[in-house]
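# Residue-level structural notes
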Number of protein chains: 2
Amino acid sequence: MRDAVRRALEVCPVEVGIAVAGGDWKLTTVSKLADGPLRFGELQRAVGPVSAKTLTRQLRALETDGVVLRTVYPEVPPRVTYELTEAGRELATIATLLGRWSERFVPRPGPDAVSEYGPAS
Amino acid sequence: MRDAVRRALEVCPVEVGIAVAGGDWKLTTVSKLADGPLRFGELQRAVGPVSAKTLTRQLRALETDGVVLRTVYPEVPPRVTYELTEAGRELATIATLLGRWSERFVPRPGPDAVSEYGPAS
DNA sequence: CTGTATCCAACAGGATACTG
DNA sequence: CAGTATCCTGTTGGATACAG
């Protein structure tokens, strides 16, 4: 994503923010880390149905952009923890605001609103 | 993006926010509209190097998600304006926060930091 | 446990040409 | 003016298999 950030810098600060935080799972990851460090597996379960490959890439991008800190413990079996940096904690507050915004303004479909088609009767 | 929103609803509110606001140019568009309605052409110039196709799609998604309101005036030549809804105005404040966050925490490369390589001496 | 490598389908976004 | 249609390329992200 670093390239995306460089491109965004040519446009406007808001776009830079999107370049850093915009990927799927990225802000969710940050918000899950707001309560404290998590190991890779814990994080994957907490975030939801994200593949290891994608989560890894997003975490690497967040690390490059200074949002998360990755710590490897030289143990067997290996243990790796992720935690927010100062920048990450600030970003987490924005993530919270965005979550609240979506709860207020994005219409939630009813429980049985299965696409356009109702359940077969 | 509506499908993306539906999928995000299964995960968490933060992800819904990203589904709505996460595309390239989207939050920048919202922030440009914060100062008042703009016509399509004005908006395109204001946002930056975005193609008409992409801007159109993002605007349609934002309209579907209740962030912007599109008004067509039956004139020749045609005139179309875009303005923020209440949800859009709230989202714009978050966009501003995200922009400020990026200014504070995302390192700006120096003017002559051309990739990894310095200028030929 | 924490990833990486590979393959693959879907999507995003620019360029260009064209329409009402 | 405000798009749409088409073509094209690069990226995204899951699935699976494998590695240290």
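Let me begin by describing the structure that accompanies this report. Within each chain, residues carry numbers counting from 1 in the order of the written sequence. By the order in which they are written, chains take letters starting at A while ligands take numbers starting at 1. Local features in a predicted model are, by the rule used here, given only for residues with pLDDT of at least 70; side-chain atom pairs are given and counted only at 80 or more, and totals for whole chains, interfaces and linings are based on all residues. Excluded from the side-chain calculations are hydrogens and water; all other atoms, namely the structure's heavy atoms, are used.

### A word on the pattern of salt bridges
The criterion, for reference: The working definition used for a salt bridge is a side-chain nitrogen of Lys or Arg within 4 Å of a carboxyl oxygen of Asp or Glu. In this text, helices come from DSSP runs of H or I with a minimum length of four residues, and strands from runs of E with a minimum of two, each type numbered from the N-terminal end. To sort residues, take the accessible area from a 1.4 Å probe on protein chains only and compare it with the maximum for the residue type: under 20% means buried, over 50% means exposed, and anything in between is partly exposed.
Considering all chains together, one arrives at six salt bridges over all chains under this definition. Here Arg2(A) makes a salt bridge to Asp65(A), at a shortest N to O gap of 3.2 Å. Placement of Arg2(A) in helix 1 (residues 2-9) and of Asp65(A) in the loop between helix 5 (52-64) and strand 2 (68-73) is noted, with a sequence separation of 63 residues between them. Using a relative accessible area of 6% as the deciding quantity, one classes Asp65(A) as buried. A salt bridge links Arg79(B) to Glu75(B), with the shortest nitrogen-to-oxygen separation between them at 3.0 Å.

### Observations regarding the packing of aromatic side chains
Residue and element names in this part refer to chain B. For clarity, the threshold we go by: Geometry of aromatic contacts follows a simple scheme: Phe, Tyr and Trp rings, the Trp one being its six-membered ring, pair when their centres are within 6.5 Å, and the pair is stacked under 30 degrees between planes, edge-to-face over 60, tilted otherwise. Charge over a ring is defined by NZ of Lys or CZ of Arg lying within 6 Å of the ring centre and within 35 degrees of the ring normal.
Inspection of every chain in the model, using the stated rule, returns two aromatic pairs over all chains. Relative to phenylalanine 105, the ring of tryptophan 101 has its centre 5.9 Å away and its plane inclined at 40°; by these criteria the two rings are tilted. Placement of the pair is tryptophan 101 and phenylalanine 105 together in helix 6 (residues 86-105), with a separation of four residues, close to one helical turn. Judged by relative accessible area, phenylalanine 105 falls into the buried class, the value being 19%. In this structure, arginine 79 packs its charged tip against the face of tyrosine 73, placed 4.0 Å from the ring centre.

### Structural notes on the sheet that holds strand 1 (residues 38-39) of chain B
All names here are of chain B. We count it as follows: In this description, strands pair whenever DSSP reports at least two bridges between them. By the convention used here, residues are in contact when the closest approach between their heavy atoms is within 4.5 Å. A fitted line through C-alpha atoms represents every axis, and for helices the fit uses only the stretch in contact; the resulting angles, taken between N-to-C directions, go from 0 to 180 degrees.
Spatial ordering of the open sheet is given by 1-3-2, a layout of three strands whose pairing is antiparallel. In this open sheet, the two strands that pair with only one neighbour each are strand 1 and strand 2 (68-73). Pairing analysis gives six bridges linking strand 2 to strand 3 (residues 79-84), with the strands arranged antiparallel. Opposite valine 68, over in strand 3, you have leucine 84 as the bridge partner. Across the sheet, helix 5 (residues 52-64) touches strand 2 and strand 3, and the angle it forms with strand 2 is around 115°.

Don't take any of this as a statement about function, it's just geometry.
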